[in-house]
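# Overview (structure and organization)
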There are 2 protein chains.
Amino acid sequence: MTSGAQNPYPTADAGTSHVGRRIRSLREERGISLSELARRAGVGKATLSGLENGTRNPTLETLWAVTAQLGVGLASVVGTGPVVHGTAVQGVLLQAFEEEGATYELYRLVFPAGSSQLSPAHHQGVTEHLTVFAGLLRAGPADTPLLAGPGDYVTWRSDVPHTYATLGDQDVHASLLIRYPRLRNGLPDGPVREPGEVSPRGAASGR
Amino acid sequence: MTSGAQNPYPTADAGTSHVGRRIRSLREERGISLSELARRAGVGKATLSGLENGTRNPTLETLWAVTAQLGVGLASVVGTGPVVHGTAVQGVLLQAFEEEGATYELYRLVFPAGSSQLSPAHHQGVTEHLTVFAGLLRAGPADTPLLAGPGDYVTWRSDVPHTYATLGDQDVHASLLIRYPRLRNGLPDGPVREPGEVSPRGAASGR
DNA sequence: TCGTGTCGTTCCGTAAACGGAACGATCGTC
DNA sequence: GACGATCGTTCCGTTTACGGAACGACACGA
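Residues numbered from 1 in each chain as written. Chains lettered and ligands numbered in written order. Predicted model: local features only at pLDDT ≥ 70, side-chain atom pairs only at ≥ 80, totals over all residues. Heavy atoms only, no water.

### Notes on the overall build of chain A
To be explicit about the condition: Elements are defined by DSSP. Helices are runs of H or I of four residues or more, strands are runs of E of two residues or more, and each kind is numbered from the N terminus. Burial status follows relative accessibility: with a 1.4 Å probe on protein chains alone, a residue under 20% of its type maximum counts as buried, one over 50% as exposed, and anything between as partly exposed. Contacts: residue pairs with any heavy atoms within 4.5 Å of one another. Only the protein chains shown count as covering a residue, and every accessible area follows the Shrake-Rupley method with a 1.4 Å probe.
Check the secondary structure of chain A and you find four helices and 12 strands. Burial status across chain A gives 47% buried among its 207 residues. Taking the contacts inside chain A whose residues are at least 6 apart along the sequence as the reference set, 65% of them involve residues at least 24 apart. Here chain A has roughly 9300 Å² of accessible surface; of this, 52% comes from carbon and sulfur atoms.

### Details of the protein's contact with DNA strand C
Basically, it comes down to this: We call a residue near a given molecule or strand whenever any one of its heavy atoms falls within 4 Å of it. In the analysis that follows, any N or O atom pair within 3.5 Å is treated as a polar contact, provided that within protein one partner can donate a hydrogen and the other can accept it, and provided that, for residues neighboring in sequence, both atoms belong to side chains.
Neighbouring residues of DNA strand C: 20 residues in total, closest Ser33(A), Leu34(A), Ser49(A), Thr47(B) and Thr62(B). Near the protein, within 4 Å, the atoms of DNA strand C are sugar or phosphate in 66% of cases. One of the side-chain N or O atoms of Thr62(B) is found 2.5 Å from a phosphate oxygen in DNA strand C. For the surface near DNA strand C, the elements supplying multiple residues, two or more each, are α1 (12-29), α2 (34-41) and α3 (45-52) of chain A together with α3 (45-53) of chain B. In terms of residue count, α3(A) provides more of the surface near DNA strand C than any other element does, three residues in total.

### Notes on the pattern of salt bridges
It is possible for side chains of opposite charge to pair when their charged atoms get near one another. Residue and element names in this part refer to chain B. Keep this limit in mind: Whenever Lys or Arg places a side-chain nitrogen within 4 Å of a carboxyl oxygen from Asp or Glu, that contact is recorded as a salt bridge.
Counted under the stated rule, the structure contains nine salt bridges over all chains. Residue Arg39 pairs with Glu36 through a salt bridge whose shortest N-O separation is 2.9 Å. One end of the pair, Arg39, and the other, Glu36, are both in helix α2 (residues 34-41), three residues apart, so they sit about a helical turn from each other. Residue Arg40 pairs with Glu36 through a salt bridge whose shortest N-O separation is 2.9 Å. Linking Arg40 with Glu36, this pair stays in helix α2, spanning four residues, or about one helical turn.

### Topic: the packing of α2(B) against helix α4 (residues 60-70) of chain B
All names here are of chain B. What counts is decided by this rule: Axis geometry follows a simple rule: fit a line to the C-alpha atoms, using only the stretch in contact for helices, then measure angles between N-to-C directions, giving values from 0 to 180 degrees. Orientation labels follow simple angle bins: below 35 degrees gives roughly parallel, above 145 gives roughly antiparallel, 65 to 115 gives roughly perpendicular, and whatever is left gives oblique. Two helices that cross are described as forming a left-handed crossing if the nearer one is turned anticlockwise from the farther one by less than a right angle, and a right-handed crossing if clockwise. For this classification, the nonpolar set comprises Ala, Val, Leu, Ile, Met, Phe, Trp, Tyr, Cys and Pro, the charged set comprises Asp, Glu, Lys and Arg, and every other residue, Gly included, is treated as polar.
For the pair α2 and α4, the least separation of the axes is 9 Å and the interaxial angle reads 110°. The pairing of α2 with α4 is recorded here as roughly perpendicular in orientation. Helix-helix and strand crossings are classified by hand; for α2 and α4 the assignment is right-handed. Only Ala65, Val66, Gln69 and Leu70 of α4 make contact with α2, whose side of the interface consists of Leu37, Arg40 and Ala41. Its residues assigned to classes, the contact of α2 with α4 shows five nonpolar, one polar and one charged.

### Overview of the packing of aromatic side chains
Note the threshold: Note on aromatic contacts: the rings of Phe and Tyr and the six-membered ring of Trp form a pair at centre separations within 6.5 Å, being stacked when their planes are under 30 degrees apart, edge-to-face when over 60 apart, and tilted otherwise.
What the rule picks out here adds up to four aromatic pairs over all chains. With centroids separated by 6.0 Å and ring planes inclined at 65°, the aromatic side chains of Trp156(B) and Tyr164(B) adopt a geometry described as edge-to-face. Each member of the pair, Trp156(B) as well as Tyr164(B), is classed as buried. Each residue in the set Phe111(A), Trp156(A) and Tyr164(A) is aromatic and connected to the rest through ring pairs, giving one cluster.

### Concerning the environment of Arg157(B)
Residue and element names in this part refer to chain B. Along the chain, Arg157 falls in strand β7 (residues 153-157). Sequence spacing of Arg157 and Thr127 is 30 residues, and the spatial spacing of their C-alpha atoms is 4.4 Å. Of the polar contacts made by the side chain of Arg157, one reaches the side chain of Asp159; its length is 2.8 Å.

### A short note on the protein's contact with DNA strand D
For DNA strand D, the set of nearby residues contains 20 residues, the closest of which are Thr47(A), Thr62(A), Ser33(B), Leu34(B) and Ser49(B). What you see for DNA strand D is that sugar and phosphate hold 67% of its atoms within 4 Å of the protein. Here a phosphate oxygen of DNA strand D sits 2.6 Å away from a polar atom, N or O, in the main chain of Leu34(B). Ser35(B) has a polar backbone atom sitting 3.3 Å from a phosphate oxygen of DNA strand D. Listing elements by their share of the surface near DNA strand D, those giving two or more residues are α3 of chain A together with α1 (12-29), α2 and α3 of chain B. Here the surface near DNA strand D takes four residues from α3(B), the largest share from any one element.

### Considerations on the pairing of strand β5 (residues 136-141) of chain B
Residue and element names in this part refer to chain B. The following threshold applies: One requirement defines pairing of two strands: DSSP has to find at least two bridges between them.
Both β5 and strand β8 (residues 162-167) contribute to a ladder of six bridges, which runs antiparallel. Bridging from a neighbouring strand, Leu136 pairs with Leu167 of β8. The turn linking β5 back onto strand β6 (residues 146-148) is made up of four residues.

### Comments concerning the sheet that holds β5(B)
All names here are of chain B. What the four strands build is an open sheet, ordered β3-β8-β5-β6; its pairing is antiparallel. The open sheet is flanked by β3 (116-119) and β6, the only strands paired with a single partner. Pairs of neighbouring strands in the sheet enclose a mean axial angle of 15°, with direction left out of account. Across three bridges, the pairing between β5 and β6 is antiparallel. By the bridge assignment, Ala139 is partnered in β6 with Leu146.

This is the structure in structure tokens:
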């Protein structure tokens, strides 16, 4: 891998240097020197120096050793996640859960007012579960989108193309839970329940 | 770094293989083969095979290339964060924010009923901001801890040793925001406001 | 002024992560 | 059953990230 050939990451090449800056920042906040951190983490000064300056392409093990000494998780230095569905929507992955029958990914989404977004079909059996916090959003399968306002919960099967479009002049804030069922000989386990409906505000609230 | 010599990570050695399992899992959920993912990500099949099986110690660039093709952030495969303060409390870093004057780290904490925890002093100027969701918790400076119930918000300067102890027979769920002010010639900028008080429930609610 | 200590960077030989190719295994298809 | 395609693993030469040592820059005391 000479250069980030086809890395679609927003700050692909700046990625390494961003991690370096973040680590240097964390280290300086804690008031310890490069030499000291290198000693504590059990890595060479050359390694840490190159890492902080973005001139090296560090190893997972190196990153673990360093971030553990800084008392933070690796996740906090590599950024929280990528943009989910293209350009209009800004979304970051907050957390991923791995359960017996499926993997869940929780995203925080912000749709700028007036934006719309078409997302291609996911793999079979994948479902999306969206809760709107603010604004008005029309989302769901491209042919039969659903309308959701603050507090509303919508869900649909995302193995077909689906859309997101804001209504009104307000930014839309929402959380999106994507469920990837574990494949069993090519066919997914059934979803939690049959999606394709709208729960009025509060009905799907956890607490 | 021959072996995870002094890596205090809970699953230090299992870390690499955990990342590999997670990536394999994500790949299989999407129904694409190892060869195909390697091709799309622009990495060698040998690299991806070794990565998924935990027999290699992948590079940051490799991880980026692969996770980007899987449509997830690097953070989602390396786990969300480390245990915060030792053994009793289970805590994961949800997100880290980098602002002009300070860095913030947001943790999700669960204290098992009956547990208590002593945490050493942080660097000067560091403050902790804790919101209790469920249960009853006594937390704060070791000499003058504060009491907080569901909905309560407590804050203190953590440049002295501080404690956490549950009250009652209920697990305590809470969020903890740690603020690391940026150092200016060795001295931190002032904290947001003078901490050391308790806000009654609701007073500090974000939403 | 001259040590003396520590800072972060650079140099260098070694270990290992990298990509490409070859490999056996497993599936459909004829 | 033989063939072809593709699966994931293993082998191998090249590239490069690694730790240790040497380096100049700077701060502090004698």
